[in-house]
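# Architecture at a glance
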Amino acid sequence: MPADARTLLTTIFGYPAFRGQQAEVIEHVAAGGDALVLMPTGSGKSLCYQIPALMRPGVCVVVSPLIALMHDQVAALNELGVRAAYLNSTLSAAEAAAVERQVRAGELDLVYVAPERLLTDRCLQLLESSKLALFAIDEAHCVSQWGHDFRAEYLQLSVLHERFPSIPRIALTATADRQTRAEIIDKLQLGKARVFTASVDRPNIRYRVVEKLNARKQLLDFIRAEHSGESGIVYCLSRKKTEETAAFLEEHGITALPYHAGMSAAARTRAQQRFQREDGVVVVATIAFGMGIDKPDVRFVAHLDLPKSIEGYYQETGRAGRDGLPANAWMTYGLQDVVQLRQMIDGSEADEAYKKVQVTKLDAMLGFCETSDCRRMRLLAYFGESGSPCGNCDTCLTPPVTVDGTIPMQQLLSCVYRVGQRFGAMHVIDVLTGHDTEKVLHWRHHDLSTFGIGKDRSAHEWRAIIRQAIALGLIVVDHANYSALKLTAAARPVLKGEQRVPLREYRKAEKVKKTKPTSTFVADLPAEAIPIFERLREWRRATAAEHGVPAYVIFHDATLHEIARIRPGTLAELGRISGVGAKKLEAYGAEIVGMVG
Ligand code: ADP
Ligand code: ZN
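Residues numbered from 1 in each chain as written. Chains lettered and ligands numbered in written order. Predicted model: local features only at pLDDT ≥ 70, side-chain atom pairs only at ≥ 80, totals over all residues. Heavy atoms only, no water.

## Some points on the packing of helix H20 (residues 425-432) against helix H22 (residues 459-471)
The condition that has to hold: To get an axis, a line is fitted to the C-alpha atoms, and for a helix only the part in contact is used. The angle between two axes follows their N-to-C directions and goes from 0 to 180 degrees. Numbering of helices and strands runs from the N terminus; a helix is a DSSP stretch of H or I covering at least four residues, while a strand is a stretch of E covering at least two. Orientation labels follow simple angle bins: below 35 degrees gives roughly parallel, above 145 gives roughly antiparallel, 65 to 115 gives roughly perpendicular, and whatever is left gives oblique. For any helix crossing, the convention is left-handed if the near helix is rotated counterclockwise from the far helix by under a right angle, and right-handed if that rotation is clockwise. What makes two residues a contact is simply this: any of their non-hydrogen atoms within 4.5 Å.
Viewed as axis vectors pointing N to C, H20 and H22 meet at an angle of 125 degrees, and their least axial separation amounts to 10 Å. It follows from the interaxial angle that H20 and H22 lie oblique. In this structure, H20 crosses over H22, and the sense of that crossing is right-handed. For the pair formed by H20 and H22, the contact residues are Ala425, Ile429 and Leu432 on the first element and Ala459, Trp462, Arg463 and Ile466 on the second.

Encoded structure:
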């Protein structure tokens, strides 16, 4: 008997209202229409097929490349009382046969299948002899040959349309650029599908960029001040650095695991599982730690090195705060990052056209770091969206002061010129600040007119000015020549005094750090609710371990937060809290009311 979507939302999932376009997508798909859903991470795409799966007779076949996650996804549905199972290579033959029997007998609402499995004759025959409700193709951007998650099997998923033309299909992804979208429609034959798109904005994520001084120490301070006991991901460029950083955090009492492509598959799976299942684990990773991080309560993503592109950065930071609660995207960045990344691009084997694209992407990233405007607006603009200042990024919260920087910029440019455009940032700064190092003396640069003209500013300050000069395109770093700083044509009018240069006033990192730190939601609780919240978390940890599922499968942080705040005294009161559905109320309700009431 088809149940009404809203009733399912409240009784099964325990949520009071649909978000964004969920209701429209669900209505469209439940009525038998095809859909392409392009919505950011955390926007609640899963419900867009899970609810139609419950509304339509037959089983919903969910195609997903994320084998490692199927177990948890199915466990989460089972916790809600939904009949779900999965078919992938981790099952024994007997286990798989049991699931197949359930599918055929119409005993499941959803079955998750790995694409390579789905395409086997055996599986297609199984589907032909079963009643099907719909197909959901998750991570649909995997059809894109130009994307980084390309999966060859996805190209063959058009077979679904050919063999089952009357069964509705819904394809979902968070990667929404125009090209990927066109490829999905083409490859999956979704020409008739209704397309649902949402802004890529993630308003609950607070973007911050701080000057890199002692990155590890800064990271430790950041975690201690704002994320003690919470889950997070730290991205670094090198494998070695992930290991060193994880060890450093461990030494300081933070549970941290390295993750990179050089580790064995078993070690990587172990790290991913611990992260997924335990509370408060920090993973220090290279970008290899990516797709398939499906944890809703990642409270921060930190970058210790500058990412190579805004696409990459946005995807990585997007792993924070899927549950919609406040989360931080925090990055340390310095001049050395720019130099290093340029070096990696220039030194690579790739052809010139490719390198040029990489340099353009890096420049956009640099522009984001150096901006005095709202960071979110910068990010959204990159993806073709416009907006107004967000009030939830560092430049909105503590607007940088812009001053006339024409004089220091002229000093810098002329110093670069006087040393013959043959020296790197460090040497240029030594000359500017009047340090008679061996190198300065050797090249007789203490005789230059620019020697010491900038000694009223610290080396840090000069580095900040150089970064801005690079971001403004006045200077380039030449890797063919020992990272020498060179002037561009744009430097000329500045040197000649024909063009003024606004610069961000230099602010010591310390000062930035003290600006209104805690957005963490634990801090939002009234003081007396904090110990209750901690007790609930401890209970959740034990219960999750007992059931062999991740903690968030039992209850999300947001739900525990509400319970701690409201302290429901009755089952009825508890049942009104978002995230408490009928099945969970029955399973855990009495215990929780006993703990908090
Ligand atoms: P996506 O797949 O788009 O990244 P998910 O489907 O994993 O997002 O949903 C993100 C989180 O939001 C999940 O924890 C989910 O339970 C929750 N959620 C989804 N829809 C709602 C809703 N209508 N109300 C409250 N929470 C929701
Ligand atoms: Zn902003």
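## With respect to the pattern of salt bridges
Operational definition: For salt bridges, the criterion is a side-chain nitrogen of Lys or Arg within 4 Å of an Asp or Glu carboxyl oxygen. Categorising residues by exposure relies on relative accessible area from a 1.4 Å probe, with only protein chains included: less than 20% of the type maximum marks a residue as buried, more than 50% marks it as exposed, and the intermediate range marks it as partly exposed.
Evaluation of the coordinates by the stated rule reveals 36 salt bridges. Glutamate 128 is the salt-bridge partner of arginine 163, the closest N and O atoms lying 3.0 Å from each other. Of this pair, arginine 163 sits in helix H9 (residues 158-163) while glutamate 128 is found in helix H7 (residues 121-128), placing the two residues 35 residues apart along the sequence. For glutamate 128, a relative accessible area of 45% gives the class partly exposed. Residues joined by salt bridges that share partners form a network here, namely Asp279, Arg299, Asp323, Arg540 and Asp557.

## Comments concerning the sheet that holds strand E10 (residues 256-259)
We apply this condition: Only when DSSP finds a minimum of two bridges between them are two strands counted as paired.
Taken in spatial order, the six strands line up as E8-E13-E12-E9-E11-E10 in an open sheet, and their pairing is parallel. At either margin of the open sheet sits one strand with a lone partner, and together these are strand E8 (205-211) and E10. Averaged over all adjacent pairs, the angle separating strand axes in this sheet is 15 degrees, with direction ignored. The sheet contact formed by strand E9 (residues 231-235) and strand E11 (residues 282-285) spans four bridges and is parallel. Looking across to E11, one finds that tyrosine 235 is bridged to alanine 285. Running over the sheet, helix H12 (residues 239-251) touches E10 and E11 and is turned about 175 degrees from E10.

## Remarks on the site of ligand 1
Our working rule: The nearness test applies per residue and asks whether one of its heavy atoms lies within 4 Å of the molecule or strand. Whenever a nitrogen or oxygen atom comes within 3.5 Å of another N or O atom, the pair is scored as a polar contact, on the condition that within protein one atom can donate a hydrogen and the other can accept it, and that pairs from neighbouring residues in sequence are kept only if both atoms are in side chains. The accessible surface values rely on the Shrake-Rupley method and a 1.4 Å probe; as for residues, cover is taken only from the protein chains in view. For this classification, Asp, Glu, Lys and Arg are treated as charged, while Ala, Val, Leu, Ile, Met, Phe, Trp, Tyr, Cys and Pro are nonpolar and the rest, including Gly, are polar.
Within the structure, ligand 1 sits among 15 residues, and Tyr15, Gly42, Lys45, Ser46 and His556 are positioned closest to it. In this structure, a nitrogen atom belonging to ligand 1 sits 2.9 Å away from a main-chain N or O atom of alanine 17. Separating an oxygen atom of ligand 1 from a side-chain N or O atom of histidine 556 is a distance of 3.4 Å. Notes on ligand 1: free accessible area 560 Å², of which the protein chains cover 85%. Of the residues in the shell around ligand 1, the class split is five nonpolar, seven polar and three charged.

## A short note on the sheet that holds strand E1 (residues 35-38)
An order of E3-E4-E2-E5-E6-E1-E7 is seen for the seven strands of this open sheet, with the pairing classed as parallel. Whereas interior strands pair on both sides, the edge strands pair on one side only; in this sheet they are strand E3 (84-87) and strand E7 (194-197). Neighbouring strand axes in the sheet, compared pairwise and without regard to direction, differ in orientation by 20 degrees on average. With four bridges joining them, E3 and strand E4 (residues 110-113) adopt parallel strand pairing. Bridge pairing links alanine 85 to valine 111 in E4. In the packing of helix H3 (residues 46-55) onto the sheet, contacts are made with strand E2 (59-63), E4, strand E5 (132-137) and strand E6 (169-173), and the angle to E4 comes to roughly 135 degrees. Lying over the sheet, helix H4 (residues 67-79) contacts E3 and E4, oriented at roughly 165 degrees with respect to E3.

## A word on the domain arrangement of the protein
Put simply, the rule reads: In this document the domain limits rely on a domain assignment from an automatic tool or a database.
Each assigned domain of the protein is listed with its residue range as follows: domain 1 (3-197), domain 2 (205-395), domain 3 (402-504) and domain 4 (527-596). Computed over C-alpha atoms only, the centres of domain 1 and domain 4 are separated by 29 Å. At the junction of the two partners, domain 1 supplies 15 residues and domain 4 supplies 17 residues. The interface formed by domain 1 and domain 4 holds zero salt bridges in total. Between the two partners, domain 1 and domain 4, sit four residue pairs in polar contact (both at pLDDT 80 or more).

## A closer look at the packing of aromatic side chains
So the rule is basically this: Classification of ring pairs uses Phe, Tyr and Trp, with its six-membered ring standing for Trp, and accepts pairs whose centres are within 6.5 Å; under 30 degrees between planes counts as stacked, over 60 as edge-to-face, and the remaining range as tilted. Each ring is checked for a lysine NZ or an arginine CZ that lies within 6 Å of its centre and within 35 degrees of its normal; such an atom marks a charge sitting over the ring.
With the rule as written, the count across this model stands at 14 aromatic pairs. Through a chain of ring-to-ring contacts, the aromatic side chains of Tyr207, Tyr313, Tyr314, Phe368, Tyr382 and Phe383 assemble into a single cluster. The ring of phenylalanine 275 carries lysine 295 above its face, with NZ or CZ at 5.6 Å from the centroid. Between arginine 457 and the ring centre of tryptophan 462, over which it is positioned, the NZ or CZ distance is 5.9 Å.

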